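Chain by chain, the residues run as shown.
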Amino acid sequence: MSSDDDEDALTWAGGRDPSHYETPAAKPVPPAKPAKKNSATAPADSDARSDAAADVPDEDELPAPMSSVVLVSLGILGGIYLLYTVGWVVSWQRFVYGAADVLGLVVFQIQQVLAILAPPLWFVTTILLTRNRRPAARLLWLLIGALVLIPWSFTFGR
Amino acid sequence: MTTEPTAPSGDKASVRYGWPSIVVAIVFGLLNACVLWNAIGNLVNVPAGLAAQGLASLTPWWLLILDVVLPVAAYVVAFVMGRRQTLLVRSTFFLVALAVVACSTVGSIAYTQTH
């Protein structure tokens, strides 16, 4: 009994915890093993081996992880685009267009809706279509949009 | 005997400018033309109206000209960028271009109301 207590002092309490789970270390994918040693199926085995090797993605083919600077920049630009959208909504509420004809009024209201949709449209389109481009190109396109889509009508406040 | 690797058939078909793409280009062309028509009307009428009131010096020429140039420029840019894209991407480019033009139009109307 006393010897067990001594051994307890030399071990970690969590070591016997049944809920403790040791995660396995990440191992590289082993090459495919030949299924049979039969010489008649040797060509088929080599094909299977080459297929399995092709399935394992090469490190060069994997997309480069996005750096934290790019991620933060995308977040800031996303916030700017969100503010632009709010700005266009406010400008819609602020300005009343007195068109002489109904058609002109309808066209203007459609344009106001399009102006509100423009920042999210530009942002989503850029993010989706520049997935495989360099981060600098993505940020450049988003910066161009941030310059083009400034809600000027919001800044002409009364 | 070796065979040449063939490209996926979808790529070539999607890049070709077929009739759906032509319809999309015409529809967005008409929408941009509508905006252009209004801008040309403003370019003609606004200076005349201001001149009649003796305020010819206040004519915002740069804004009136920008409103005329932008629909054409945006449409051309969207058309050129979408040439090698799929129909969906081409349509998206035209829509984004129209939205940018809408931003400019709403902004210019707000400018003329407040200046």
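Residues numbered from 1 in each chain as written. Chains lettered and ligands numbered in written order. Predicted model: local features only at pLDDT ≥ 70, side-chain atom pairs only at ≥ 80, totals over all residues.

A. Geometry of the overall build of chain B. When helices and strands are tallied, chain B shows four helices and zero strands. Start at the N end of chain B and walk to the C end: the helices and strands fall as α-α-α-α. By the burial criterion, 29% of the 115 residues in chain B qualify as buried. Taking contacts inside chain B between residues at least 6 apart in sequence as the whole, the part at least 24 apart equals 69%. (Helix = DSSP H or I, 4+ residues; strand = E, 2+ residues; numbered from the N terminus. Buried ≥ 20, exposed ≤ 12 C-beta atoms within 10 Å, placed from the backbone. Contact = placed C-beta atoms within 7 Å.)

B. Region of the structure containing helix H5 (residues 135-148) of chain A. All names here are of chain A. Its 14 residues give H5 an end-to-end C-alpha distance of 20 Å, which sits within 8% of 20 Å, the value for a rise of 1.5 Å per residue. Inspection of H5 places Arg138, Leu142 and Gly145 among the buried residues, and these make up the whole buried set. In a view along the axis of H5, the buried residues occupy a sector of 55°, so they form one face of it. Along H5, exposed side chains directed more than 90 degrees from the buried face belong to Ala136, Ala137, Ile144 and Leu147. The secondary structure elements touched by the buried residues of H5 are helix H3 (68-94) and helix H4 (102-129). (Expected span 1.5 Å × (residues − 1). Arc of directions from axis to C-beta.)

C. Examining the interface of chain A and chain B more closely. Contact with chain A, which involves 20 residues of that partner, is made by 18 residues of chain B. For the side of chain A that touches chain B, the secondary-structure elements that each account for two or more residues are H4 and helix H6 (152-155) of chain A. Classifying every residue of the side of chain A that touches chain B gives 14 nonpolar, five polar and one charged. (Nonpolar A, V, L, I, M, F, W, Y, C, P; charged D, E, K, R; others polar.)

D. Here's a closer look at the packing of H4 of chain A against helix H4 (residues 87-114) of chain B. Packing of H4 of chain A against H4 of chain B brings their axes to within 8 Å, and their N-to-C directions diverge by 140°. Between H4 of chain A and H4 of chain B, the interaxial angle falls into the category oblique. The handedness of the crossing between H4 of chain A and H4 of chain B comes out as left-handed. Residues Gln111, Gln112, Leu114, Ala115, Leu117, Ala118, Leu121, Trp122, Thr125 and Leu129 of chain A of H4 of chain A form the contact with H4 of chain B, whose participating residues are Val89, Thr92, Leu95, Val96, Leu98, Ala99, Val100, Ala102, Cys103, Thr105 and Val106 of chain B. Residues that form the contact of H4 of chain A with H4 of chain B fall into these classes: 16 nonpolar, five polar and no charged. (Axes fitted to C-alpha atoms, helices over the stretch in contact; angles between N-to-C directions. Parallel < 35°, antiparallel > 145°, perpendicular 65-115°, else oblique. Left-handed = near helix turned anticlockwise from the far one by under 90°.)

E. The arrangement of the packing of H4 of chain A against H5 of chain A in detail. Residues and elements named next belong to chain A. Remark: H4 packs on H5, axes separated minimally by 10 Å, with the N-to-C direction vectors making an angle of 170°. Judged by the angle between their axes, H4 and H5 are roughly antiparallel. Taking contact as the criterion, the partners of Trp122, Phe123 and Thr126 in H4 are, on H5, Arg138, Trp141, Leu142 and Gly145.

F. How the structure looks around the environment of Pro60 of chain B. Of note, Pro60 of chain B is situated in the loop between helix H2 (19-52) and helix H3 (61-81). Among the residues examined, Pro60 of chain B registers 17 C-beta atoms within 10 Å and is labelled partly exposed.

G. Layout of the nonpolar core. Core analysis: the largest hydrophobic core is formed by 34 residues, its most contacted members being Ala115 and Ala118 of chain A together with Ala97, Leu98, Ala99, Val100 and Ala102 of chain B. At the level of elements, H3 and H4 of chain A together with H2, H3 and H4 of chain B are the ones that each hand at least two residues to this core. If one sorts the elements of this core by residue count, H4 of chain B sits on top with 13 residues. Excluding anything up to four places from it in sequence, Ala115 of chain A contacts Trp88 of chain A together with Ala99, Ala102, Cys103 and Val106 of chain B. (Core = buried A, V, L, I, M, F, W, Y, C linked by C-beta atoms within 7 Å.)

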